[in-house]
Amino acid sequence: MKILLLGPPGGGKGTQSKFLMSKFNIPQISTGDMLRSHVKNDTILGQKAKKYMEKGELVTDSLILEMMEVRFKEKDCINGFILDGFPRTIKQAEGLDNLFKKSNQKLNHVIVIDVEDDEIVSRMSGRRVHPESGRVYHIKYNPPIDEGKDDITNEPLIIRDDDKEETVRNRLLVYHNQTKPLIDYYNKNVITINGSQSIEKVKSNIIESIN
Ligand code: AP5
């Protein structure tokens, strides 16, 4: 099964991906997590991506498409995957179509998690992440068992560099200009979920829509 999660930064794509991963036993492919790992390891790709990410701008389509072509060839993709944060532009969506055409694949579900901008800005100030796994928490809505620690490894949680209000506002602008047009691109295949509900309610709405 191939699921695409679309939605604004902080809309809950990463949070819901983790549930879908264990429910359907398919990997989450988060371009954001992949890029952050490149930045952390100071790879050539990471050095190129860093200057866009810290401003909340998108990394170039060609870099992303090259990275994804490699990722899709990995063994764990054989039964499908959850796309979180890719595609993010019409060019990337066309690139994905081309990659899928080559291997006779298609997306089964396109799910938009819809949340208003002001709610996003207030949510992001409470986000905490475990950088190694991409597990995501919220100090109020989804707190870890021990404050400031990852539930599984007990390692410290961090605040992402791009979660400053000013950068979040720019990421929202980029989302409206460059990513939201994908809702029309996928048009009749899109299912929109109200992402302002509780995490549990969003999760059950998504599962219902897939079933
Ligand atoms: P990326 O890492 O993909 O960030 P994003 O899309 O901006 O999404 P986020 O990870 O910020 O949010 P999310 O929707 O996963 O929400 P989450 O579940 O964490 O991209 C980062 C950067 O990398 C980009 O700016 C760009 O530079 C670059 N990049 C990445 N992909 C790219 C691409 N394809 N092309 C070009 N550049 C690319 O939830 C947020 C918070 O809210 C958490 O604290 C969570 O606990 C909480 N929460 C979740 N759901 C709820 C709820 N229902 N109620 C209350 N709180 C909730």
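Figured I'd write up the structure that's included with this text. Keep in mind the model is a prediction, meaning the values are calculated, not measured. Counting restarts for each chain: residues are numbered from 1 in the order of the written sequence. This being a predicted model, a pLDDT of at least 70 is required before a residue's local features are given, and a value of 80 or more before pairs of side-chain atoms are given or counted; all residues contribute to the totals for chains, interfaces and linings. Side-chain calculation: all heavy atoms of the structure are included, whereas hydrogens and water are not.

**Observations regarding the packing of aromatic side chains**
At step 1: Planes of paired rings set the category: under 30 degrees apart is stacked, over 60 is edge-to-face and the rest tilted, where pairs are Phe, Tyr or Trp rings (Trp by its six-membered ring) whose centres lie within 6.5 Å. Enumeration over the complete set of coordinates arrives at four aromatic pairs.
At step 2: For the ring pair Phe72 and Phe81, a centre distance of 4.9 Å and an interplane angle of 25° mean the geometry is stacked. Side by side, Phe72 and Phe81 carry an identical accessibility label, which is buried.
At step 3: Here Phe81 and Phe100 contribute two aromatic rings whose centre-to-centre distance is 6.2 Å and whose plane-to-plane angle is 35°, an arrangement assigned as tilted. Taken together, the residues Phe81 in strand S3 (residues 81–84) and Phe100 in helix H5 (residues 90–102) connect sequence positions 19 residues apart.
At step 4: Feature note: the residues Phe72, Phe81 and Phe100 constitute an aromatic cluster, connected by ring pairs. Exposed residues in this analysis have more than 50% of their type's maximum accessible area, buried residues have under 20%, and partly exposed residues fall in between, with area computed by a 1.4 Å probe over protein chains only. Where helices and strands are cited, they refer to DSSP runs of H or I of at least four residues and of E of at least two residues respectively, numbered from the N terminus.

**Re the environment of Asn142**
At step 1: Relative to the helices and strands, Asn142 is located in the loop between strand S6 (135–138) and helix H7 (165–179).
At step 2: With relative accessibility at 26%, the residue Asn142 sits in the partly exposed group.
At step 3: Remark: the alpha-carbon pair of Asn142 and Tyr185, spanning 43 residues in sequence, is separated by 33 Å.
At step 4: Leaving out residues up to four positions away in the same chain, Asn142 has contacts with Val136, Tyr137 and Ile199. Here, residues are in contact when the closest pair of their heavy atoms is within 4.5 Å.

**Brief notes about helix H1 (residues 13–24)**
At step 1: For a helix, the expected span equals 1.5 Å multiplied by the residue count minus one. With twelve residues, H1 extends 16 Å from end C-alpha to end C-alpha; this agrees with the ideal 16 Å at 1.5 Å per step.
At step 2: Tucked into the core, H1 has its buried residues touching strand S1 (2–6), strand S2 (28–30), S3, strand S4 (109–114), S6 and helix H9 (199–210).
At step 3: Once H1 ends, the next one or two residues include Asn25, with phi positive near 55°.

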